[in-house]
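Chain by chain, the residues:
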Amino acid sequence: MANIHIARNHQSLGSFSEESVRDGIRDGRFTSSDLAWREGMPEWKPLGEMAPQWGMDLPAPALAVDEHAVAVKTEVMAEGAEPAWEDRESLGFFPSITRTVSSVLMRPTQTFASLKQTGGLANPLLYFVLLSSSMFAVSALYQMAATSLNPSVFAAKLPHASGNAFSVALLGSILISPALYVVSAFISSGITHLCLKLLGGANKPFETTFRVICYAQASAAVLNLLPVCGSLIGIVWGAYCIIIGLKEAQGISGWKATLAITLPGLLCCGMLLVLGTAAGLGIAELSKELGGLPHLPQLPKAP
Amino acid sequence: MRFLGLDLYRRPLIPGERDPELLWGSVLLVSALAVFAWMSLGLPTPLCPLHVVTGIACPTCGLTRGLGCLLHGNLMEAFLFNPLLMVLLLGAGFYLLYAGVVVIGRLPRLRWEPLSRRASVCVRVGVALLVAANWVYLLWKKV
């Protein structure tokens, strides 16, 4: 007999044997309001409706009590307090942004531990696109101002990053950046979630990974406002926030979260690091075998 | 249907479920259009630091050159630049087609689940082996 698929809160809980579903109903893991589907059915139906047809009819009161307990538990688990951005109607638009940025950057562990696990993709995507595009625009305008203030210096040192054509290209990229950020949010979250799946760390659905990536990356993008090394600090701090976020939200270890976000880079270009480390270790071993660093020949003394 | 330790089946969307085919189909379509526009305009493409510094190919080397060949219709040449990534691109093309059909036709969606923990581990090890074999090929061919 085919397995029974169970869903709750618009998400699949997985497929289970009849025996497991029967046990699940008995011990309160499944409720009559959960949706059930098995091969051959044209659509999902409430478990309470299907269970009797599958010979699983249990006393209704027991099911009702368990249903309430599980529903409350699920609600508590799914609904966290963070981020403030999703409460912007009561907090106000700009205060909700500043509160989200500061809590993600300054208290990532607490923030992501109480992050709402559900709530859709629209809110984090809007936050990500708004902040990332704005910060990109600020960086581009900053660059344009710098080139126009010192045209001769830039024309000599960076011929490709000066002149009217460059300014037009920058303005064009500011205009199309929101569309590119929408696509990049999905691609980066998708790759990270795939890596989590490969590492066995995707305990929560894609939505959770997406929310962590969007809130962490967009908040760290604000660091671009710092002159000179802001973007570098933003990249490092953003990566740190994502690792903490995945660790807390997916309930995995830190090293697994770190590996999930570095795996694509390691596959592509991180081999440089591996080769560099191997070369360094090789040199260290060699110098140890030779009894320390090779002696330099003595130079003749000057007359 | 059971295939290579996986349970393959078609099921309707859960009421209120986010439509993954619609989401990822759209992302793929927009990405494909952006890449096509980028390469058609001849805009600069990123270089692999590992390849530039050491001359050794990384596991994703050959993708840009392969894409260039694909745009000119040279399928075999594209495949030789990076077989695994070109197969994945082909898979992405099929996924786009499938997503279009099931979303427009409101058809049941294809899903798979590993039948056991062992099957799940086998899938992961299989992916790692594929990446490793592809990389050995790239190093051997000096792509």
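Note that the coordinates shown come from a computational prediction; the quantities given were computed from them, not determined experimentally.

About the criteria used
- Residues numbered from 1 in each chain as written.
- Chains lettered and ligands numbered in written order.
- Predicted model: local features only at pLDDT ≥ 70, side-chain atom pairs only at ≥ 80, totals over all residues.
- Helix = DSSP H or I, 4+ residues; strand = E, 2+ residues; numbered from the N terminus.
- Buried ≥ 20, exposed ≤ 12 C-beta atoms within 10 Å, placed from the backbone.
- Contact = placed C-beta atoms within 7 Å.
- Nonpolar A, V, L, I, M, F, W, Y, C, P; charged D, E, K, R; others polar.
- Pairing = 2+ DSSP bridges.
- pLDDT = per-residue confidence, 0-100.
- Axes fitted to C-alpha atoms, helices over the stretch in contact; angles between N-to-C directions.
- Parallel < 35°, antiparallel > 145°, perpendicular 65-115°, else oblique.
- Left-handed = near helix turned anticlockwise from the far one by under 90°.
- Core = buried A, V, L, I, M, F, W, Y, C linked by C-beta atoms within 7 Å.

Turning to the overall build of chain B, a few remarks are in order. A tally of regular secondary structure across chain B gives 6 helices and 3 strands. In chain B, the succession of α and β elements from N to C terminus is β-β-α-α-α-α-α-β-α. Buried positions account for 15% of the 143 residues belonging to chain B.

This brings us to the interface of chain B and chain A. With 23 residues of chain B at the contact, the number on the chain A side is 22 residues. At the level of secondary structure, the elements contributing two or more residues to the side of chain B that touches chain A comprise strand 2 (6-11), helix 1 (20-40), helix 2 (49-54) and helix 6 (117-141) of chain B. Of the residues contributing to the side of chain B that touches chain A, the split by class is 15 nonpolar, 4 polar and 4 charged.

So, on to the pairing of strand 1 (residues 4-8) of chain A. Residue and element names in this part refer to chain A. Counting buried residues along strand 1, 4 of its 5 residues qualify, which places the element largely inside the surrounding structure. In textbook terms, the turn of a hairpin is the stretch between consecutive antiparallel strands, and for strand 1 and strand 2 (residues 11-16) this stretch comprises 2 residues, one of which, Asn9, has a positive phi near 50°. By the bridge criterion, 3 bridges tie strand 1 to strand 3 (residues 35-37) in an arrangement that is antiparallel. For His5, the partnering residue across the bridge sits in strand 3 and is Trp37.

All names here are of chain A. Here chain A averages 79 in pLDDT, and 74% of its residues register 70 or above. Confidence, read as mean pLDDT per element, is least for helix 3 (residues 60-78) in chain A (48) and greatest for helix 10 (residues 206-221) (93). Low pLDDT, under 50, characterises residues 62-66; the stretch is placed with 6 contacts to residues that sit more than four places away or in other chains. When the criterion is pLDDT under 50, residues 68-78 qualifies, and its contacts beyond four places in sequence or with other chains add up to 9 contacts.

Take the packing of helix 10 of chain A against helix 11 (residues 230-250) of chain A next. All names here are of chain A. Two elements in contact, helix 10 and helix 11, have axes whose closest approach is 8 Å; the angle formed by their N-to-C orientations is 155°. The pairing of helix 10 with helix 11 is recorded here as roughly antiparallel in orientation. Note that helix 10 runs across helix 11; the crossing there is right-handed. Residue-level inspection shows Thr208, Thr209, Val212, Ile213, Ala216, Gln217, Ser219, Ala220 and Ala221 of helix 10 in contact with helix 11, the latter providing Gly234, Trp237, Gly238, Cys241, Ile242, Gly245, Leu246, Ala249 and Gln250.

All names here are of chain A. With 40 residues, the main nonpolar core has Phe128, Val212, Cys214, Ala216, Ile242 and Leu246 as its most contacted residues. Elements with a contribution of two residues or more to this core: helix 5 (93-106), helix 7 (122-149), helix 9 (164-198), helix 10, helix 11 and helix 12 (254-268). Here the element with the most residues in this core is helix 10; it accounts for 10 residues. Excluding anything up to four places from it in sequence, Ile242 contacts Val212, Ile213, Ala216, Gln217 and Ile261. Core analysis: the second largest hydrophobic core is formed by 13 residues, Ile6, Ala7, Ala36 and Leu47 among them.

This part takes up the sheet that holds strand 1 of chain A. Where strands meet in a sheet, backbone hydrogen bonds hold them as pairs that are either parallel or antiparallel. Strand order in the open sheet formed by 4 strands is 2-1-3-4 (chain A), with antiparallel pairing between adjacent strands. With one partner strand each, in any of the chains shown, strand 2 and strand 4 (45-46) of chain A form the two edges of the open sheet.

A separate point is the packing of helix 7 of chain A against helix 10 of chain A. All names here are of chain A. The N-to-C vectors of helix 7 and helix 10 enclose an angle of 25°; their axes lie 8 Å apart at closest approach. Compared by their axis directions, helix 7 and helix 10 come out roughly parallel. In this structure, helix 7 crosses over helix 10, and the sense of that crossing is left-handed. Judged by residue contacts, Pro124, Leu125, Tyr127, Phe128, Leu131, Ser132 and Met135 of helix 7 engage Phe210, Arg211, Cys214, Tyr215, Gln217, Ala218 and Ala221 from helix 10.

Moving on to unusual backbone geometry. Positive phi outside glycine occurs at His10 of chain A, with the angle close to 65°. Backbone geometry places Arg106 of chain B, a non-glycine residue, at a positive phi of 50°. Mapped onto the elements, Arg106 of chain B comes out in the loop between helix 5 (83-105) and strand 3 (109-114). We classify Arg106 of chain B as exposed; it has 9 C-beta atoms within 10 Å.

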